[in-house]
Amino acid sequence: MKAMVLRQFGQPFGEEDVPLPAIGDHDLLIKTEACGVCYTDVKIASGLFPEISLPKILGHEVAGEVVGKGKEVGNFQEGDRVCLYFYLYCGQCPSCLAGKENLCLDLRGRIGFDVDGGYAEYVKAPATHAFKIPANVSFEEAAILADAVATSLHALKEQAQLQPAETLAIIGAGGLGLQAVQIGQVLGARVFSIDIEEKRLEMAKRLGAAATFNETSGNLREAILAHTRGVGVDTVLDLVGKDETINCALTFLKKGGKLVLVGYSFEKPFSVFPAVIMRSELAIIGSRACRPKDLQAVIDLVATQKIKPFVSETFPLEQVNQVHDRLKKNEILGRVVLKP
Ligand SMILES: [Zn+2]
Ligand SMILES: [Zn+2]
């Protein structure tokens, strides 16, 4: 099969003819129909996850059609349309038993990170990690549910416990941020979108943001306080995760507010005076990917047309290097999907 293979960090992906994945008794063989490109892929390819062994086929936002199954798999048929939950959780550890599979204590890898993923014509996955997608959801939309959309839902609903009528400020209107604008609204919040690119903010507005703020134009704190009767926002979702964005968020978070970190930069640690957190009883909350139930929840939201995943462009798989270059240069609006 054709695959775009990463053989060396910092080098382009190479098109190769590789063997079909060999499936076990509990696995599905899936013909990849769409694979989202996440900025994490750019980080992996540039060597920021040195624990990942090479060569590797990246791609953790996968949707496709079942074309083969192991002999123990009962609940899937050839031709089923599926998307994949990419954390290969064990299902038996205390975290898994508590329904926090994203925090599995005995993780067997992640599809598209530690085991081969969707930058290929075929991919394998345990049947327990495949989710059927309804007929009215395209493969392109289904692909990005697994991370960009479900990660937003997990962060806002489970981690932030966002409530109707609360205010939510989202820092970053990129691949995740534009999906999060919709998720925030579905949860009933008033959503503000913050970015440095006007064209992204325009898209955030089109997707329903109540107000948008360009970080480069003047005093963000005052602008946001003016929109919140001087009290600040209930929740900030930081999809950038830099010292600067975290400190900026803390200037317009309401007393008792929550800062949820989904973005993460490796540039430098963040630094905050403890009194800033203590005096206003702020909560800084981490949110890692999503759980299987979050993925099922966003599949249901799309099926019932409560949200529409925002896929900006589709490219042939062979153009993955160009897509990564454009992501690095910040030239991509929203989420891009590859098609083998
Ligand atoms: Zn991702
Ligand atoms: Zn586990």
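Cut-offs applied
Residues numbered from 1 in each chain as written. Chains lettered and ligands numbered in written order. Predicted model: local features only at pLDDT ≥ 70, side-chain atom pairs only at ≥ 80, totals over all residues. Heavy atoms only, no water. Donors = N, O, S within 2.8 Å, 3.2 Å for Na, K, Ca; no water. Helix = DSSP H or I, 4+ residues; strand = E, 2+ residues; numbered from the N terminus. Buried < 20%, exposed > 50% of the residue type's maximum accessible area, 1.4 Å probe, protein only. Salt bridge = Lys/Arg side-chain N within 4 Å of Asp/Glu carboxyl O. Domains from an automatic or database assignment. Contact = heavy atoms within 4.5 Å. Buried area = accessible area lost by both parts, 1.4 Å probe. Polar contact = N/O pair within 3.5 Å; in protein donor to acceptor, adjacent residues only side chain to side chain. Tetrahedral: all angles 85-135°; square planar, octahedral: opposite > 155°, others 65-115°. Pairing = 2+ DSSP bridges. Right-handed = clockwise from strand over helix to strand, strands pointing away. Patch = residues over 30% accessible without salt bridge, like charges linked within 9 Å, V, L, I, M, F, W, Y side chains within 5 Å. Areas by Shrake-Rupley, 256 points an atom, 1.4 Å probe, with all protein chains shown as cover. Core = buried A, V, L, I, M, F, W, Y, C linked by side-chain atoms within 4.5 Å.

Trainee: Can you help me understand the coordination of the zinc ion (ligand 1) in this one?
Mentor: Geometry reference: four tetrahedral donors at a metal, ideal angle 109.5 degrees. Six octahedral donors, ideal angles 90 or 180 degrees. Donor atoms from the polypeptide that bind the zinc ion (ligand 1) are Cys38 (SG), His60 (NE2) and Asp147 (OD), placed at 1.8 to 2.2 Å. Sequence positions of the residues that donate to the zinc ion (ligand 1) give the spacing C-x21-H-x86-D. Within this pair, whereas cysteine 38 is found in the loop between β3 (27–37) and α1 (39–45), its partner histidine 60 is found in the loop between α1 and β4 (61–69), the two being separated by 22 residues in sequence. Both residues of the pair, cysteine 38 and histidine 60, belong to the buried class.

Trainee: For this particular structure, what's the right way to read unusual backbone geometry?
Mentor: Of all residues except glycine, most have a negative phi; of all peptide bonds, most are trans. A cis geometry characterises the amide bond from leucine 54 onward to proline 55, with omega recorded as 0°. Along the chain, proline 55 falls in the loop between α1 and β4. With a phi close to 50°, glutamine 161 is a non-glycine residue in the positive phi region. Here glutamine 305, not a glycine, exhibits a phi torsion of approximately 60°, which is positive. The residue glutamine 305 is located in the loop between α9 (292–303) and β14 (311–316) in this model.

Trainee: Would you take a moment to explain the pattern of salt bridges for this structure?
Mentor: Should their charged atoms come close, side chains of opposite charge can pair. In total, this model carries 22 salt bridges according to the counting rule given. Of the charged contacts, one joins arginine 326 and glutamate 313 as a salt bridge, the two residues approaching to 3.4 Å between their closest N and O atoms. Here arginine 326, found in helix α10 (residues 320–328), pairs with glutamate 313, found in strand β14; they are 13 residues apart in sequence, far enough to count as distant. Where salt bridges share partners, they join Glu61, Asp147 and Arg335 into one cluster.

Trainee: How do you make sense of the domain arrangement of the protein when you look at a structure like this?
Mentor: In terms of domain boundaries, the protein breaks down into domain 1 (2–149 + 290–339) and domain 2 (161–286). Distance between the C-alpha centres of domain 1 and domain 2: 28 Å. Contacts between domain 1 and domain 2 engage 19 residues on the former and 15 residues on the latter. Across the domain 1/domain 2 interface, buried area totals approximately 1500 Å², and carbon plus sulfur atoms make up 61% of it. In this assembly, domain 1 and domain 2 are joined by zero salt bridges.

Trainee: Would you mind showing me how to read the environment of glutamate 313 here?
Mentor: In this structure glutamate 313 comes out as partly exposed when scored by relative accessible area, which is 29%. Taking the C-alpha atoms as reference points, glutamate 313 and lysine 268, 45 residues apart in sequence, are found 32 Å from one another. Among residues more than four places away in sequence, those in contact with glutamate 313 are Arg326, Arg335, Val336 and Val337. Among the polar contacts listed, one links the side chain of glutamate 313 to the side chain of arginine 326, at a separation of 3.4 Å.

Trainee: Would you explain the coordination of the zinc ion (ligand 2) in this entry?
Mentor: Only Cys90 (SG), Cys93 (SG), Cys96 (SG) and Cys104 (SG) from the protein reach the zinc ion (ligand 2) as donors, at distances of 2.3 to 2.4 Å. Metal-centred angles of 104 to 117° between the four donor atoms at the zinc ion (ligand 2) mark the site as tetrahedral. Positions of the donor residues of the zinc ion (ligand 2), expressed as sequence spacing, correspond to C-x2-C-x2-C-x7-C.

Trainee: Honestly, the pairing of β14 in this entry has me stumped. Any pointers?
Mentor: Residues in a regular strand project their side chains so that they alternate between the two faces of the sheet. The pairing of β14 with strand β15 (residues 335–339) spans five bridges and is parallel. Paired with proline 316 across the bridge in β15 is lysine 339. The parallel pair β14 and β15 is bridged by α10, and the resulting crossover is right-handed.

Trainee: I'm lost on a nonpolar patch on the surface in this one. Help?
Mentor: There is a patch of nonpolar side chains on the surface, built from Leu48, Tyr264 and Phe266 and spanning about 280 Å² of accessible area. Relative to the elements of secondary structure, phenylalanine 266 occurs in the loop between β12 (253–261) and α8 (274–279). The exposure class assigned to phenylalanine 266 is partly exposed, which follows from its relative accessible area of 48%.

Trainee: I would appreciate a short explanation of the nonpolar core in the present structure.
Mentor: Counting residues in hydrophobic clusters, the biggest one holds 98 residues, and the most contacted among them are Tyr119, Ile183, Leu237 and Leu295. Examining the composition of this core, we find that 12 residues originate from one element, helix α3 (residues 139–159), more than from any other. Residue-level mapping places this core at the junction of two domains, with at least three residues from each of domain 1 (2–149 + 290–339) and domain 2 (161–286). When near neighbours in sequence (up to four residues on either side) are disregarded, isoleucine 183 contacts Val149, Ser152, Leu153, Leu156, Val298, Leu301 and Ile307. Counting residues in hydrophobic clusters, the runner-up holds 19 residues, among them Ala169, Ile194, Cys248 and Leu253.

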